[in-house]
Amino acid sequence: MPENRNTIRLAGLLGLGVAVAAALLFVAGAGAAGYGGVARYGGAVWVFILAWIITMPMLGPALRRRS
Amino acid sequence: MTSEPQIHDVGYEVGTETLTLQVGGMSCASCVSAIETAVRNLPGVASGTVTLATGMAAISYYPGLVTPAQIKHAIRDLGYEAAEKLEGAAALDRERQARRREIRRQGLWMLVAWPLALLVMVGTFQDVWILPRFVPAWLGNRILLFALTTPIVFGPGWQFFVNSFRGLRHGVTDMNLLYATGIGAAYLIAVINTFWPEAGFGGPEATFYEAAALLTAFIVLGRYLEALTRGRASEAIRKLMSLQPKVARVWRGDREVEIPADEVEVGEIVFVRPGEQIPVDGVVTQGYSAVDQSMLTGESMPVEKREGDEVIGGTLNKTGAFRFRATKVGRDTALAQIITLVEDAQASRAPIQKLADLVAGKFIFWVHVLALAVFLFWFFLGYTRFFDPATRLMLTPYGLGAIGVFGFALLISVAVLVISCPCAVGMATPSAMMAGTGKAAEHGILFKGADAIERASRLTTVVFDKTGTLTRGEPSVTDVRPASGWTESAVLALAAAAEVNSEHPLGEAIVRGARERGLAVPEARDFAAIPGRGVEAVADGRAVLLGNRRLMQERGVDLAAVEREAEALERDGKTVMFMAADGRPAGLIAVADTLKGHSAEAIRILHRLGLQVAMITGDNRRTAEAIARQVGIDRVLAEVLPQDKAREVASLQGQGRRVAMVGDGINDAPALAQADVGMAIGSGTDVAKETGHVVLIKDDLRDVVSAIEVARATMRKVRQNLFWAFIYNTVTIPFAAGVLYPWSRQVVSPELAAFLMAISSLTVTLNTTLLKRFVPSLHRGSRPGRLPSVMAPVARGEA
């Protein structure tokens, strides 16, 4: 059980990192395109949520396979 | 951690145990996927299969590494109910309670969500069309809309947030997450635009309260409908379970006592009075009565029962009182066995369903990927190129006005999430399979798994075992040919007299044949059996010799007068016995294994269905071909030893044929197992011990036809359901993603997406319901039973 919990937690943290990176990338892109603060940061939140949801279930099985 | 294959490699076996759980609160395929993922993620779980339609989870685990409590905890942690499966009435009660609880819960949320959501909708559109005449302006106040929407999101909608959070904690994403993100995003934008209109989310023109409210209401409606449907899907089992009697009156000590029916022991004498239900299976030992078996067979007339007759638990005694000896109790009763078989079949998963579940499970992931891609496209490219302030929400007069880039891209992204819900895909196969297995059980056909239905629908060849399947399996007199000066009756009577003490099957057939014709069999004396030849005796004052050609030749009987007729009968596959009286030929008696009733009719219909029909037998080719000619079979596999039957079936499969083997399940078990579909026929009350994939309770070959017809109808329904579910997603996702927007200037609102999603599930559900009206061709025009008539043949004593 603890081993499994750790894997999920690790997947969550790594997914979090990927999602944060995606959101930052979005902020940079939106800034470069000249969008205002709301669009930039609002969009970044949405990108962060979706990116986290996408990456977490991908990373879990991958980590389990490696361990 | 050391894995099972590694342990196998070093020569040890790993013992597993199976845990069967009743899981409550599932609504679609993604729930199945989420639970399976969470359970399989537990260390110590070897495999896990969850079935949406029955709400059952079968989990194989290694004791010591994980406990049932931990497995249940993992499922509960996702927001579902999990309890170990109970047997019989207790299972029925628990399942019914859980279903009622879910229906009540979602019904309550409907009562909260719908009136408020309709108010929010009317309030939002109060300045549109003719509504200003009827709807007061204050109802469109954004603060009021906020006040009306908030209880919907945090009441009925809260379950989706909680469940998606629980899922994420276990590393799984499910439909709840789609709902939560959809509802949450719509509500959040509306709140921001209400309290901070200058924030750039579209301002006062883009308060999507009605989107959040109606989205929640439609999803709850979908859940409510699914809870209702799932309950009805297991109707066949519920009806069978409701037939299980509660009490029995037995003789214990020196008096009659009333005890619970499940406490009756084998061998006990059970008393049944008029109007009482028969508690267990047994054999009548005293008394006479008529038993109403209509609840099981659909027969309108009660069936007479007297000493020695079999009675079946669950049927109703009508006129007289009788007592019987219990032969099968508890789990061994025919009714209990049938319930178990139907339950197992409904809990199993067809290959096509596994594919659908896999697609539905992966779908969630790809939907989020698509939602992200759509968002990025409309944010960076689409909005600046195509956005028009005159944009309207599809099928509404509601304009988006000055919605900003973020609000616009988010709206489309949320619509994609909601419209992509694969609920209909998840329900398509299991609901049809449950209806199909239930329908088959009504006709005495028990499929042991959904995979058997799928394979039975694709058969190309049906192979029948001859003896005991196509034929009665016991010889009987077919022809009596008297010699000159003799009559048929005289020949048969004298032959019966000579054979009356015989234990040889041919002799028994002759004695039975004489009795069936009502002949008086004279006394015989000086009886002697001549091994491998026949018998001799003195009867009616004559020296009777009865046997084969060799016997006659050895005793010098001249057969010239009857030889031609004997050869003609032998060409038809019959066994000819010669009879001589006082040293002169008296006649011939032909004995053969006769065809069962309806054999020819069943094979004719199988041909009409486009199937090749073959017969397999250990008999010589001449006998086999004679039977095949009578019944209309086009391929004969003769002189095949019992152990080689499976090889013959495999050989047909090697030619690319999909083969069903129909046998009595006794000496052809390997062939039944080898076939794509093994059908054990005429099993009677011993349904559970039968080999094969399909058990036909009646000894009626026409049920082979019905089984194939039901299987084909079920798979037709599965394909239709999958078509409706997938076509819906395929067609609507591009709409939701805004593919047509550059030309139409309309976008799909989240509430329209939720409505379409509910319609999709409803279409699949209604389409499945149509299967309940299916009647196999041979039963059309007959009165259907009031309840599943799986026991019909048993009760009629045919099995």
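Everything numeric here is computed off the predicted structure, so don't read it as measured data.

**A closer look at the overall build of chain A**
Point 1. In terms of regular secondary structure, chain A is built from two helices and zero strands.
Point 2. Taking all 67 residues of chain A together, the buried fraction comes to 40%.
Point 3. Contacts in chain A between residues far apart in sequence, at least 24 positions, make up 72% of those at least 6 positions apart.
Point 4. When the accessible area of chain A is evaluated, it comes to approximately 3500 Å², of which 71% is carbon and sulfur surface.

**Considerations on the overall build of chain B**
Point 1. Tallying secondary structure elements over chain B gives 29 helices and 28 strands in all.
Point 2. Burial analysis of chain B (799 residues in total) assigns 57% to the buried set.
Point 3. For chain B, the accessible area works out to roughly 32900 Å², and carbon and sulfur atoms hold 55% of it.

**Quick look at the nonpolar core**
Point 1. Formed by 82 residues in total, the largest nonpolar core has its most connected members in A:W46, B:F375, B:F379, B:F408 and B:L410.
Point 2. Take this core: its biggest share by element is 13 residues, from helix 14 (residues 405–419) of chain B.
Point 3. Apart from residues lying up to four places away in sequence, B:F379 is in contact with A:F26, A:A30, A:Y35, A:A39, B:V405, B:F406 and B:A409.
Point 4. One finds B:Y80, B:A456, B:L470 and B:A711 within the second-largest nonpolar core, a separate group that totals 79 residues.

**Topic: the pattern of salt bridges**
Any two side chains of opposite charge can pair, so long as their charged atoms come close to each other.
Residues and elements named next belong to chain B.
Point 1. One pass over the full model with this rule turns up 25 salt bridges over all chains.
Point 2. When the shortest N-O distance is used, the salt bridge between R252 and E268 registers 2.6 Å. Of this pair, R252 sits in strand 5 (residues 247–252) while E268 sits in the loop between strand 6 (255–260) and strand 7 (269–272); the two residues are 16 residues apart in sequence, bridging distant segments of the chain.
Point 3. Between R306 and E304 there is a salt bridge, with its nearest N and O atoms 3.6 Å apart.
Point 4. Take R306: its relative accessible area is 43%, and that puts it in the partly exposed class.

**Details of the packing of helix 8 (residues 175–195) of chain B against helix 14 of chain B**
All names here are of chain B.
Point 1. Direction vectors running N to C along helix 8 and helix 14 enclose 155°, while the axes themselves pass 9 Å from each other. Taken together, helix 8 and helix 14 sit at an angle that is classed as roughly antiparallel. Classified by chirality, the crossing of helix 14 by helix 8 is left-handed. Counting all contacts with helix 8, which are made through L178, T181, G182, A185 and I189, the residues of helix 14 involved are L410, V414, L417 and V418.
Point 2. Within the contact of helix 8 with helix 14, the residues separate by chemical class into seven nonpolar, two polar and no charged.

**Describing the sheet that holds strand 10 (residues 303–305) of chain B**
Residue and element names in this part refer to chain B.
Point 1. Taken together, three strands build an open sheet; the order of strands is 10-9-12 and the sheet is antiparallel. Either end of the sheet is taken by a strand with one partner, and the two such strands are strand 10 and strand 12 (316–317).
Point 2. Pairing between strand 9 (residues 289–292) and strand 12: two bridges, direction antiparallel. Bridge pairing in strand 12 links V291 to N317.

**Here's the deal with the pairing of strand 20 (residues 542–547) of chain B**
All names here are of chain B.
Point 1. With six bridges joining them, strand 19 (residues 534–539) and strand 20 adopt antiparallel strand pairing. Bridged to V538 within strand 20 is A543.
Point 2. The turn joining strand 19 and strand 20, which pair antiparallel and follow one another in sequence, is formed by two residues; a positive phi near 55° is taken by D540.

**Examining the sheet that holds strand 13 (residues 322–328) of chain B**
All names here are of chain B.
Point 1. Strand order in the open sheet made by the six strands is 6-5-7-13-8-11, with antiparallel pairing throughout. Here the strands that pair on one side only, and so sit at the sheet edges, are strand 6 and strand 11 (310–311).
Point 2. Across two bridges, the pairing between strand 8 (residues 281–287) and strand 11 is antiparallel. Across the sheet, V283 pairs through a bridge with E310, a residue of strand 11.

**Things to note about the packing of aromatic side chains**
Residues and elements named next belong to chain B.
Point 1. By the definition in use, this model includes 28 aromatic pairs over all chains.
Point 2. With 5.4 Å between their ring centres and 75° between their planes, F723 and W724 make a pair best called edge-to-face.
Point 3. The exposure class assigned to F723 is partly exposed, which follows from its relative accessible area of 47%.
Point 4. On the basis of relative accessibility, which here comes to 42%, the residue W724 falls in the partly exposed class.
Point 5. Feature note: the residues F146, F154, W158, F161, Y187, F195, W196 and Y209 constitute an aromatic cluster, connected by ring pairs.
Point 6. R745 extends its terminal NZ or CZ atom over the ring of Y741, reaching a point 5.6 Å from the ring centre.

**Looking at the environment of A:L16**
All names here are of chain A.
Point 1. On the secondary structure map, L16 appears in helix 1 (residues 2–32).
Point 2. Taking the C-alpha atoms as reference points, L16 and A51, separated by 35 residues in sequence, lie 8.5 Å from one another.
Point 3. Among all residues touching L16, those that are not within four sequence positions of it are F48 and W52.

**Re a nonpolar patch on the surface**
Residues and elements named next belong to chain B.
Point 1. A contiguous nonpolar surface patch, about 800 Å² in accessible area, is contributed by F723, W724, I727, V731, F735, V739, L740 and W743.
Point 2. Top contributing element to the nonpolar patch by residue count: helix 26 (residues 702–736), with five residues.
Point 3. Residue placement: W743 occurs in helix 27 (residues 741–744).
Point 4. With relative accessibility at 69%, the residue W743 sits in the exposed group.

**Let's talk about the environment of A:I54**
Point 1. Residue placement: A:I54 occurs in helix 2 (residues 37–66).
Point 2. Beyond its immediate chain neighbours, meaning those up to four positions away, A:I54 contacts B:F365, B:H368, B:V369 and B:L372.

**Focus: helix 14 of chain B**
Point 1. With 15 residues, helix 14 of chain B should reach 21 Å at 1.5 Å per residue; the first-to-last C-alpha distance of 21 Å fits that figure.
Point 2. Burial runs high along helix 14 of chain B: 15 of the 15 residues are buried.

**Re helix 26 of chain B**
Point 1. Over its 35 residues, helix 26 of chain B runs 51 Å from end to end, which matches the ideal 51 Å to within 8%, given 1.5 Å per residue.
Point 2. At the exit of helix 26 of chain B stands B:G738, carrying a positive phi of roughly 85°.

**With respect to the confidence of the model for chain B**
Close reading of the predicted structure is inappropriate where its pLDDT is low.
Residues and elements named next belong to chain B.
Point 1. With 84% of its residues at a pLDDT of at least 70, chain B reaches an overall mean of 80.
Point 2. Confidence, read as mean pLDDT per element, is least for helix 29 (residues 792–795) in chain B (42) and greatest for helix 6 (residues 142–154) (93).
Point 3. Both confidence scores are given for the complex: pTM 0.68, ipTM 0.92.

**Brief notes about unusual backbone geometry**
Residue and element names in this part refer to chain B.
Point 1. A positive phi is found at D526, a non-glycine position, where the angle reads about 55°.
Point 2. Topologically, D526 is positioned in strand 18 (residues 524–530).
Point 3. Located in the positive-phi region is D582, a residue other than glycine, with phi close to 55°.
Point 4. Structurally, D582 can be placed in the loop between strand 21 (575–581) and strand 22 (584–595).

**Description of the side chain of B:D479**
Point 1. Looking at the secondary structure, you find B:D479 in strand 17 (residues 471–482).
Point 2. A distance of 2.7 Å separates polar atoms of two side chains, one belonging to B:D479 and the other to B:T478.

**A few points about the packing of helix 22 (residues 599–608) of chain B against helix 26 of chain B**
Residues and elements named next belong to chain B.
Point 1. Axis separation between helix 22 and helix 26 bottoms out at 8 Å; the angle between their running directions is 30°. The orientation of helix 22 with respect to helix 26, classified from their angle, is roughly parallel. The residues of helix 26 that touch helix 22, namely those facing E601, A602, I605 and L606, are R702, V704, V705 and I708.
Point 2. When grouped by side-chain class, the residues that make up the contact of helix 22 with helix 26 number six nonpolar, no polar and two charged.

Rules used throughout
- Residues numbered from 1 in each chain as written.
- Chains lettered and ligands numbered in written order.
- Predicted model: local features only at pLDDT ≥ 70, side-chain atom pairs only at ≥ 80, totals over all residues.
- Heavy atoms only, no water.
- Helix = DSSP H or I, 4+ residues; strand = E, 2+ residues; numbered from the N terminus.
- Buried < 20%, exposed > 50% of the residue type's maximum accessible area, 1.4 Å probe, protein only.
- Contact = heavy atoms within 4.5 Å.
- Areas by Shrake-Rupley, 256 points an atom, 1.4 Å probe, with all protein chains shown as cover.
- Core = buried A, V, L, I, M, F, W, Y, C linked by side-chain atoms within 4.5 Å.
- Salt bridge = Lys/Arg side-chain N within 4 Å of Asp/Glu carboxyl O.
- Axes fitted to C-alpha atoms, helices over the stretch in contact; angles between N-to-C directions.
- Parallel < 35°, antiparallel > 145°, perpendicular 65-115°, else oblique.
- Left-handed = near helix turned anticlockwise from the far one by under 90°.
- Nonpolar A, V, L, I, M, F, W, Y, C, P; charged D, E, K, R; others polar.
- Pairing = 2+ DSSP bridges.
- Phe/Tyr/Trp six-rings, centres within 6.5 Å; stacked < 30°, edge-to-face > 60°.
- Lys NZ or Arg CZ within 6 Å of the ring centre and 35° of its normal.
- Patch = residues over 30% accessible without salt bridge, like charges linked within 9 Å, V, L, I, M, F, W, Y side chains within 5 Å.
- Expected span 1.5 Å × (residues − 1).
- pLDDT = per-residue confidence, 0-100.
- Polar contact = N/O pair within 3.5 Å; in protein donor to acceptor, adjacent residues only side chain to side chain.

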